[in-house]
Amino acid sequence: DVKVTQSSRYLVKRTGEKVFLECVQDMDHENMFWYRQDPGLGLRLIYFSYDVKMKEKGDIPEGYSVSREKKERFSLILESASTNQTSMYLCAARDNYEQYFGPGTRLTVT
Amino acid sequence: DQQVKQNSPSLSVQEGRISILNCDYTNSMFDYFLWYKKYPAEGPTFLISISSIKDKNEDGRFTVFLNKSAKHLSLHIVPSQPGDSAVYFCAASGPPRTTSGTYKYIFGTGTRLKVLA
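These numbers come from a predicted model, not from an experiment.

(A) Summary view of the interface of chain A and chain B. Contact with chain A, which involves 25 residues of that partner, is made by 20 residues of chain B. Taking both sides of the interface into account, the surface hidden between chain A and chain B amounts to around 1,800 Å²; carbon and sulfur atoms contribute 58%. Taken together, chain A and chain B are joined by one salt bridge. A salt bridge links B:K104 to A:D59; its shortest N-O distance comes to 2.7 Å. The element that contributes the greatest number of residues to the side of chain A that touches chain B is strand β5 (residues 42–51) of chain A, accounting for five residues. Here the side of chain A that touches chain B is composed, by residue class, of 13 nonpolar, seven polar and five charged.

Pasting the structure below:
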């Protein structure tokens, strides 16, 4: 089974801070994804990457950027955190059809 | 525009009975569907999937049914167990591809299932 790990389970940051969320997969999957999960809204795609240094915007990219310098690592960056970015952030890696998720990072912006 | 809808935010079922979770979609081009289960403070885990060339797929206590004409899929859990209590997300995939050629998975809003002992 693919293992996807995320650097922090819980994070508290202040408004205006730059925030880095890290995700690492232990298989050679080309596609990696960042989602946020909010009550009543389900999982919404922020950004994804289909190869090293290659990225594409998802459905809600505003306020976020990403970085993929190595195949196994995909980072989500909040350039200037705001309170409406308080959410559960989920990273995923995909092998053909099956998509494997990390445990999530609960980010609170105060 | 919610392309994948789970209209029941919650469902309670007695242990041993059948749980039926429903999902509707609007894009007739979707050709692959998945169900994920999510416990609190954990990431979603893959449960079962179905391709549009089938109308049923079974895996143990879990069966997914696909009705393409109605653009509807359902997940049946028989018998339901207290450990099945979780949030269930359906997801759909298919054309159009993104610029990079990837298919996005579109997730529903989730249904919280509570199995009562």
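(B) A look at the environment of A:K55. Topologically, A:K55 is positioned in strand β6 (residues 54–57). Residues A:K55 and A:S65, spaced ten residues apart in sequence, show a C-alpha to C-alpha distance of 9.5 Å.

(C) Region of interest: unusual backbone geometry. A cis amide bond, omega -10°, links B:V78 with the succeeding residue B:P79. Within the element layout of this structure, B:P79 appears in the loop between β8 (72–77) and β9 (86–93). A positive phi angle, close to 65°, is found at A:K53, a residue other than glycine. The class of A:K53 is exposed, set by a relative accessible area of 55%. One non-glycine residue, B:K71, lies in positive phi territory at about 50°. By relative accessible area, B:K71 is classed as partly exposed at 25%.

(D) Representation of the side chain of A:N31 in the model. You can see A:N31 is positioned in strand β4 (residues 31–38). On the accessibility criterion, A:N31 (16% relative accessible area) is buried. If near-sequence neighbours (up to four positions away) are discounted, A:N31 is found in contact with A:S49, A:Y50, A:R68, A:A92, A:A93, A:R94 and B:T102.

The rules behind these values
- Residues numbered from 1 in each chain as written.
- Chains lettered and ligands numbered in written order.
- Predicted model: local features only at pLDDT ≥ 70, side-chain atom pairs only at ≥ 80, totals over all residues.
- Heavy atoms only, no water.
- Contact = heavy atoms within 4.5 Å.
- Buried area = accessible area lost by both parts, 1.4 Å probe.
- Salt bridge = Lys/Arg side-chain N within 4 Å of Asp/Glu carboxyl O.
- Helix = DSSP H or I, 4+ residues; strand = E, 2+ residues; numbered from the N terminus.
- Nonpolar A, V, L, I, M, F, W, Y, C, P; charged D, E, K, R; others polar.
- Buried < 20%, exposed > 50% of the residue type's maximum accessible area, 1.4 Å probe, protein only.

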